[in-house]
Amino acid sequence: MNFLKNIFGKENTKINSNNDFWNWFLQNEKTFFNVVKNNNNIHKNFFDKISPKLADLREGYFFVSGMFNDETAELVLTADGNVKNINFVEELVNAAPKIEGWKITAHKEPMDIENIEIKMGNYIFNSENIFFYSNDFKEYPDEIDISVIHNELNDINKEQVGNGTYIFLDNYLGEIDFINNIDNLSIIGKQESQKELIPISKLKDFLNWRRKEFIEKYEGVRYNTEDDEYSIMEAELESGNKLLAVINTTLLNWDRKASHPWICILTMKFDGKDTNGMPNDNDYKLLNEIEEEILQNLIDKDGYLYIGRQTANSERDIYFSCNDFRKPSKVFDEIQRKYHNNFEIDFEIFKDKYWQAYERFT
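Residues numbered from 1 in each chain as written. Predicted model: local features only at pLDDT ≥ 70, side-chain atom pairs only at ≥ 80, totals over all residues. Heavy atoms only, no water.

Q: Help me understand the sheet that holds strand 13 (residues 304-312) in this model?
A: Two pairing modes exist for strands in a sheet, parallel and antiparallel, and in both the strands are linked by backbone hydrogen bonds. Within the open sheet, the 6 strands sit side by side as 10-11-13-14-12-15. Their pairing is antiparallel. Pairing within the sheet leaves two strands with one partner each, and these edge strands are strand 10 (230-236) and strand 15 (344-351). Strand after strand, the sheet turns through a mean of 15° between neighbouring axes, direction not considered. Here strand 12 (residues 262-269) pairs with strand 14 (residues 315-322) via 8 bridges, running antiparallel. Bridged to Cys-264 within strand 14 is Phe-320. (Pairing = 2+ DSSP bridges. Helix = DSSP H or I, 4+ residues; strand = E, 2+ residues; numbered from the N terminus. Axes fitted to C-alpha atoms, helices over the stretch in contact; angles between N-to-C directions.)

In structure tokens form, the structure reads like this:
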């Protein structure tokens, strides 16, 4: 037992920073390299060691590892599609020292389609049996909505074949391009298809063309909210509690919404039992101070548009529409850590090019 502790360092050492993690990794990298190269019970001797250390930093870090070539092992750190964690994965990888014999990579990178063939159970996923077509909507011309078809998908195997097809796409497109370039995705069987099927090998070219069109249309779009008008909206809920919203109604009528497709919502929960779901004076003051702190960091001219806030049922939601998700995830995470003793705080980030999440305000 002492021998194992010496190999892997102090197992109870808490990892508090990215540098702590890489210092720990450096102490063990030669052992990990041999485990990966020789495929020596890699789950027990590598994955089970690294998982709790990454979890010390943040929940939602994932990874894959294998030999990049005969002399180099690769560790790919990924958020597995969760946009809230992508910025933190990139920061962790950027903090990595140069380690001889290792390639440290952020996110799953795109692969050439001829190199991808996935086998799951009795099913195969490759360029021969997967197709796609685009769904076009007149009212949402910038929306990229893709239907992907696997020849063998049916009602019985829908979950298994759907998962395998998704994994294939993740490897083919790469994690970041998948997130940035597709707005909506459905995986269906051939019997459900409604258009001519296009070989999946042409999907990258299609997405690159749509991306180029989008950039030409919206590149450099900036918005100044200084002269905008805000509306105060009041309502009484079925529970008898009040709802109060302050919303930038000028901005909701903007015709360039798709240039800021990322909806970022921070939610703070407070005790409003005795105040009809509204904050008491002290909470109200602190909630406003937190909101002002966010506004100092997320500025309209930089691509972070403040839509407004809603307060009801012992919660305050703060809304932003942004041209990227990285900085909002960092700012919201810092707010969550700083004020977790005052309020229960959470946030979500998702793509919504036409700001349909705000339709109730219009």
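Q: I'm lost on the packing of helix 2 (residues 18-38) against helix 3 (residues 42-57) in this one. Help?
A: Between helix 2 and helix 3, whose axes approach to 10 Å, the crossing angle comes to 170°. Compared by their axis directions, helix 2 and helix 3 come out roughly antiparallel. Two secondary-structure elements touch here, helix 2 through Asn-18, Phe-21, Trp-24, Phe-25, Phe-32, Val-35 and Val-36 and helix 3 through Ile-42, Asn-45, Phe-46, Lys-49, Ile-50, Lys-53, Leu-54 and Leu-57. Of the residues contributing to the contact of helix 2 with helix 3, the split by class is 11 nonpolar, 2 polar and 2 charged. (Parallel < 35°, antiparallel > 145°, perpendicular 65-115°, else oblique. Contact = heavy atoms within 4.5 Å. Nonpolar A, V, L, I, M, F, W, Y, C, P; charged D, E, K, R; others polar.)

Q: What is the right way to look at the sheet that holds strand 9 (residues 198-199) in this model?
A: If you trace the 4 strands from one edge of the open sheet to the other, you get 8-7-6-9, paired in mixed fashion. Since the sheet does not close on itself, it has two edges, and those belong to strand 8 (184-189) and strand 9, each with one partner. The pairing of strand 7 (residues 145-150) with strand 8 spans 6 bridges and is classified as parallel. Bridged to Val-148 within strand 8 is Ile-187.

Q: Can you walk me through the nonpolar core in this structure?
A: By size, the foremost hydrophobic cluster in this structure holds 56 residues, and its most contacted members are Phe-21, Phe-25, Phe-46, Leu-77, Trp-102, Ile-294 and Phe-320. With 8 residues, the top contributor of residues to this core is helix 2. In this structure Phe-25 touches Phe-32, Phe-46, Ile-50, Leu-75, Ile-99 and Trp-102, once residues within four positions along its chain are discounted. With 23 residues, the next largest nonpolar core counts Ile-113, Ile-116, Phe-125 and Ile-187 among its residues. (Core = buried A, V, L, I, M, F, W, Y, C linked by side-chain atoms within 4.5 Å. Buried < 20%, exposed > 50% of the residue type's maximum accessible area, 1.4 Å probe, protein only.)

Q: Looking at this structure, how should I read helix 7 (residues 203-218)?
A: Count 3.6 residues to each turn of an α-helix, and residues three or four apart come out pointing the same way. Between its terminal C-alpha atoms helix 7 stretches 22 Å, which fits the 22 Å expected from 16 residues at 1.5 Å a residue. Buried residues of helix 7: Leu-203, Phe-206, Leu-207, Arg-210, Phe-214 and Tyr-218, and no others. Buried residues along helix 7 cover an arc of 95° about the axis, so they all sit on one side. For helix 7, the exposed residues set more than 90 degrees away from the buried face come down to Asp-205, Lys-212 and Glu-216. Looking at the packing, one finds that the buried side of helix 7 touches strand 6 (130-135), strand 7, helix 5 (158-173), helix 6 (175-181) and strand 9. A positive backbone phi angle near 80° is found at Gly-220, which sits one or two residues after helix 7. (Expected span 1.5 Å × (residues − 1). Arc of directions from axis to C-beta.)

Q: How should I be thinking about the environment of Thr-78 in this particular structure?
A: Tracing the chain through its elements places Thr-78 in strand 2 (residues 72-78). Judged by relative accessible area, Thr-78 falls into the buried class, the value being 4%. Residues Thr-78 and Asn-135, 57 residues apart in the sequence, show an inter-C-alpha distance of 29 Å. Non-local contacts of Thr-78, meaning those with residues more than four positions away in its chain, are made with Gly-60, Tyr-61, Phe-62, Phe-63, Val-89, His-107, Lys-108 and Glu-175. There is a polar contact of 2.8 Å between the side chain of Thr-78 and the backbone nitrogen of Asp-80. In terms of polar contacts, Thr-78 uses its side chain to reach the side chain of Glu-175, at 2.6 Å. (Polar contact = N/O pair within 3.5 Å; in protein donor to acceptor, adjacent residues only side chain to side chain.)

Q: Help me understand the packing of aromatic side chains, please; the structure alone is not making it clear to me.
A: For any two aromatic rings, the description comes down to two numbers: the centre-to-centre distance and the angle of the planes. A complete count under the given rule lists 28 aromatic pairs for this structure. Between Tyr-223 and Trp-254, the ring centres sit 4.9 Å apart and the planes meet at 65°, which makes this aromatic pair edge-to-face. You can see Tyr-223 sitting in the loop between helix 7 and strand 10 and its partner Trp-254 sitting in the loop between helix 8 (249-252) and strand 12, a full 31 residues away along the chain. Both residues of the pair, Tyr-223 and Trp-254, belong to the buried class. Ring geometry for Tyr-306 versus Phe-320: centroids 5.5 Å apart, planes at 55°, classification tilted. (Phe/Tyr/Trp six-rings, centres within 6.5 Å; stacked < 30°, edge-to-face > 60°.)

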